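# Examination of the molecular architecture
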Amino acid sequence: MFGFKHIQFDAMTYVMHYKNGAINQEGRGLSFFYFTPNSSIVAIPMGGNDLPFVFKEMSADYQTVTIQGQISYQISEPKKLADVLDFTVNEEGRYKKNDLEKLNQRTINEAQTAVTAFIHGLSLQDTLGAASTLEQRILSGLQSSPMISMLGIEIMGVNILAVRAVPEMTRALETSTREKLQQEADQAIYERRNFAVEQERKIKESELNTEIAVEEKQKQITEKKMESEVLRQENKRKLNEMVMSGNIELEQQRQSLVEQKAINDRKLADTKAYVVDTTLKPYKDLDWKMITALSNNPDPRLNMTLAFRELAENAGKIGNLNISPDLLENLLEKGR
């Protein structure tokens, strides 16, 4: 009505109301009436933005590399951005120009500039494995860029989603990598088999060493047994020698005793013989008849026996001899 309008913005939009070329009011989330003929309204979105990017670069070995990623940023100084790009809105709150695309493109260009020289110094394979380094390069390049500072935006983070070569080179790298991995696998199998053979050799060597040690111990045990047996036999021999020596000494003592006893018995017999000889010497020359008579034996049978003896000695001189049976019976009865 009569050129007056009402407009309202959310809290994430920084608003600058220009009236007759000068800022009349500014702030976030404003709501106001304005007179359209002499008013201009600038609305800067303050929320965080995720800016995807894809750009291609040439590696040191002249291979094309595609880098895909995302930049997270937010507008921290809206006045600086308003001085560089046009974020003016119309009566319906729509932007008159799409300068947000310019902001995004300039940010992407700065990101690409930050890593171009770095990629040109790397080979294709090194570039494909340098995603983390590329993130750091882009982040530090954007944070230190005068253009980014002039635009009044703050870089919150950079993420590299993919680093790819062209399909033909990718297949070639896959083949090369596959062959390399196969070689590494073959080498690993060889090393594993070699390790197994080496371990088997060590096990066999350990078993042989164990057998040698057991044989050596067995030999030592056998030698010890032999030494013990020799020592036992030597002790047995010495004991037998001691026993034999004792027996010999005992026999010698016994022989000495027997000899001494024989000597003593001989002396005793000699003594007894001397005594008997000395005792009987006076009777040596006497007739036995006299000796019998001297014995004074009162038994008449002895005298009769002596008489028969005399008769027997002189039997050749006797013609006839009569002996009564009563005499013989009498002698026999008394004898029984």
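Higher on the page you've got the structure.
Only a predicted model underlies this, so the values are computations on that prediction, with no experimental measurement involved. (Residues numbered from 1 in each chain as written. Predicted model: local features only at pLDDT ≥ 70, side-chain atom pairs only at ≥ 80, totals over all residues. Heavy atoms only, no water.)

### Observations regarding the overall build of the protein
In plain terms, the rule: By definition, any uninterrupted DSSP run of H or I lasting at least four residues is a helix, any uninterrupted run of E lasting at least two residues is a strand, and each is numbered from the N terminus. Whether two residues touch is decided by their heavy atoms; if any such pair falls within 4.5 Å, the residues are in contact.
Within the protein, the regular secondary structure consists of nine helices and nine strands. Put simply, 63% of the contacts in the protein that link residues at least 6 apart link residues at least 24 apart.

### Some thoughts on the environment of Met58
Take Met58: it is sitting in strand S6 (residues 49-58). Between the C-alpha atom of Met58 and that of Gly121, which follows or precedes it by 63 residues, the distance is 9.4 Å. Those residues in contact with Met58, other than ones at most four positions away along the chain, are Gln63, Thr64, Ile119 and His120.

### Side note on the pairing of strand S7 (residues 64-75)
Selection rule: Strand pairing requires that DSSP identify at least two bridges connecting the strands.
Here S6 pairs with S7 via ten bridges, running antiparallel. The residue bridging Phe53 from the neighbouring strand is Gly69, located in S7. Counted between consecutive antiparallel strands, the loop separating S6 from S7 contains five residues, among which Tyr62 sits at a positive phi close to 60°. As defined by bridge partners, S7 adjoins strand S9 (residues 153-165) across eleven bridges and the pair is classed as antiparallel. Bridge pairing in S9 links Gln68 to Ala162.

### Quick notes on the packing of aromatic side chains
Selection rule: In summary, the pairing rule links any two rings of Phe, Tyr or Trp, Trp by its six-membered ring, whose centres are within 6.5 Å, and it sorts them by plane angle into stacked for under 30 degrees, edge-to-face for over 60 and tilted for everything else. Residue burial is assigned from relative accessible area. The probe radius is 1.4 Å, only protein chains are included, and a residue is buried under 20% of its type maximum, exposed over 50%, and partly exposed in between.
Inspection of the entire model under this criterion finds four aromatic pairs. When the centroid spacing of 6.2 Å and the interplanar angle of 65° are considered together, the rings of Phe32 and Tyr34 count as edge-to-face. Judged by its relative accessible area of 6%, Phe32 is buried. Their ring planes at 15° and their centres at 5.3 Å tell us that Phe53 and Phe55 sit as a pair that is stacked. Here Phe53 and Phe55 have matching classes, each one buried.

### Digging into the sheet that holds S6
Operational definition: Axis definition: a line fitted to C-alpha atoms, limited for helices to the stretch in contact. Angles are taken between N-to-C directions and run from 0 to 180 degrees.
Here three strands make up an open sheet; going across it, the order is S6-S7-S9 and the pairing antiparallel. Lying at the two open borders of the sheet, with one neighbouring strand each, are S6 and S9. Across the sheet, the mean angle from the axis of one strand to that of its neighbour is 20°, orientation sign disregarded. With respect to the sheet, helix H2 (residues 99-120) is in contact with S6, S7 and S9, its orientation differing from that of S6 by roughly 40°. Set on the sheet, helix H4 (residues 131-143) makes contact with S6, S7 and S9; between it and S9 the angle comes to about 150°.

### Quick notes on the packing of H2 against H4
Which entries qualify depends on this criterion: In these notes the angle categories are as follows: under 35 degrees is roughly parallel, over 145 is roughly antiparallel, 65 to 115 is roughly perpendicular, and the rest is oblique. Left-handed describes a crossing whose near helix is turned anticlockwise from the far helix through less than a right angle; right-handed describes the clockwise counterpart. Residues are grouped as follows: Ala, Val, Leu, Ile, Met, Phe, Trp, Tyr, Cys and Pro are nonpolar; Asp, Glu, Lys and Arg are charged; every other residue, Gly included, is polar.
As a packed pair, H2 and H4 sit with axes 9 Å apart at the nearest point and diverge in direction by 125°. Considering their axes alone, H2 and H4 lie oblique with respect to each other. By crossing handedness, the relation of H2 to H4 is classed as right-handed. Counted together, Thr107, Glu110, Ala111, Ala114, Val115, Phe118 and Ile119 of H2 and Thr133, Leu134, Arg137, Ile138, Gly141 and Leu142 of H4 form the full contact between these two elements. The class makeup of the residues in the contact of H2 with H4 is eight nonpolar, three polar and two charged.

### What to know about the pattern of salt bridges
Stated formally: Basic side-chain nitrogens of Lys or Arg form a salt bridge, by our definition, when they fall within 4 Å of a carboxyl oxygen of Asp or Glu.
Counted according to the given criterion, the structure contains ten salt bridges. Measuring nitrogen to oxygen at the nearest pair gives 3.0 Å for the salt bridge that ties Lys79 to Glu26. Taken as a pair, Lys79 in helix H1 (residues 78-84) and Glu26 in strand S3 (residues 22-28) lie far apart in primary sequence, 53 residues in all. With a closest N to O distance of 2.2 Å, Glu234 and Arg237 form a salt bridge. Within this pair, Glu234 and its partner Arg237 are both found in helix H6 (residues 167-280), separated by three residues, close to a single helical turn. A relative accessible area of 35% places Arg237 in the partly exposed class.

### A few points about the sheet that holds S3
Pairing is antiparallel across the open sheet formed by four strands, whose spatial order is S3-S2-S5-S8. Lying at the two open borders of the sheet, with one neighbouring strand each, are S3 and strand S8 (88-89). In this structure, strand S2 (residues 13-19) lies alongside strand S5 (residues 39-45), joined through seven bridges in antiparallel fashion. For Lys19, the partnering residue across the bridge sits in S5 and is Ser39.

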